[in-house]
Amino acid sequence: MTRDGSGLLRAFFNVCRHRGTRICTRTEGHFPGRIQCGYHGWTYSLDGSLIGAPHAQDGFCREDYPLNRVHADIWDGHIFINLSSEPARSPLS
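Residues numbered from 1 in each chain as written. Predicted model: local features only at pLDDT ≥ 70, side-chain atom pairs only at ≥ 80, totals over all residues. Heavy atoms only, no water.

**Re the state of the cysteines**
Simply put, the disulfide is a covalent bond whose two ends are the sulfur atoms of two cysteines. Note the threshold: Cysteine sulfur atoms that come within 2.5 Å of each other are treated as a disulfide pair. Three exposure classes are used, based on accessible area relative to the maximum for each residue type with a 1.4 Å probe and protein chains only: buried under 20%, partly exposed in between, and exposed over 50%.
Counted by the stated rule, this structure contains zero disulfides. For Cys-16, which is in no disulfide, the shortest distance to another cysteine sulfur is to Cys-37 and amounts to 3.9 Å. For Cys-37, a relative accessible area of 4% corresponds to the buried category.

**Brief notes about the pairing of strand S2 (residues 9-12)**
Heads up, the condition is: In this text, helices come from DSSP runs of H or I with a minimum length of four residues, and strands from runs of E with a minimum of two, each type numbered from the N-terminal end. When DSSP finds two or more bridges between two strands, those strands count as paired.
Residues of S2 alternate between two faces, with Leu-9 and Ala-11 on one and Arg-10 and Phe-12 on the opposite face, all of them buried. Pairing of strand S1 (residues 2-3) with S2 involves two bridges; the strand directions are antiparallel. What sits directly across from Arg-3, in S2, is Leu-9. In this antiparallel pair of consecutive strands, S1 and S2, the connection spans five residues, and Gly-7 shows a positive phi of 90°. Sheet analysis places S2 next to strand S6 (residues 69-75), joined by two bridges and oriented antiparallel. Among the inter-strand pairings, Phe-12 is bridged to a residue of S6, identified as Arg-69.

**Section: the nonpolar core**
The cut-off we apply is this: What makes a nonpolar core is a set of buried Ala, Val, Leu, Ile, Met, Phe, Trp, Tyr and Cys residues whose side-chain atoms join them at distances within 4.5 Å. By definition in these notes, contact holds between two residues if any of their heavy atoms fall within 4.5 Å.
Of all hydrophobic cores here, the largest spans 11 residues; its members are Phe-12, Cys-16, Ile-23, Ile-35, Cys-37, Trp-42, Tyr-44, Leu-46, Leu-50, Ala-53 and Leu-67. Beyond its immediate sequence surroundings of up to four residues, Leu-67 is in contact with Phe-12, Val-15, Arg-17, Ile-23, Ile-35, Tyr-44 and Gly-48.

**A short note on the sheet that holds strand S7 (residues 78-82)**
The strand order across the open sheet formed by four strands is S1-S2-S6-S7, and the pairing between neighbours is antiparallel. Here the strands that pair on one side only, and so sit at the sheet edges, are S1 and S7.

**Quick look at the sheet that holds strand S4 (residues 43-44)**
Spatially, S3-S4-S5 is the arrangement adopted by the three strands of the open sheet, whose pairing is antiparallel. If you trace the sheet from one side to the other, it starts and ends with strand S3 (35-36) and strand S5 (50-52), each paired once. Here two bridges tie S3 to S4, and the two strands are oriented antiparallel to one another. If you follow Ile-35 over to S4, its bridge partner there is Tyr-44.

**Re a nonpolar patch on the surface**
Rule in force here: Patch construction takes residues with relative accessible area above 30% that form no salt bridge. Like charges are linked within 9 Å, and nonpolar side chains (Val, Leu, Ile, Met, Phe, Trp, Tyr) are linked within 5 Å. We get accessible surface area from the Shrake-Rupley algorithm with a probe of 1.4 Å; when it comes to residues, only the shown protein chains can shield them. Salt bridges are counted wherever a side-chain nitrogen of Lys or Arg sits within 4 Å of a carboxyl oxygen of Asp or Glu.
A cluster of nonpolar side chains, Met-1, Phe-13, Val-15, Ile-74, Ile-79, Ile-81 and Leu-83, forms an exposed patch at the surface whose accessible area comes to about 640 Å². When you line up the elements, Met-1 lands in the segment before S1. When its relative accessible area of 48% is taken as the criterion, Met-1 is described as partly exposed.

**Some details on the pairing of S6**
Strand direction decides the pairing type here: S6 and S7, joined by five bridges, are antiparallel. Directly across from Trp-75, in S7, lies its bridge partner His-78.

All quantities given are derived from atomic positions and should not be read as evidence of function.
Structure representation (structure tokens):
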């Protein structure tokens, strides 16, 4: 889970799109403005977009490889995540 500079909450699977390596090994902490995989150095912005892919070949399109998002929302001060591809809308919302 991340928050960007404006405080917007985002959640992602903890897996690099390059080789499926776990990105975060700690359960909490802060990113220094970006998220970087320790295996080959693929780097993502806090919104999940791929901003760096060392050794990428010509024609490689970074826009095709963002971090995979997870649905997340805040209710009553609690963060809820939903791993389904199309979460059902709450009758309360």
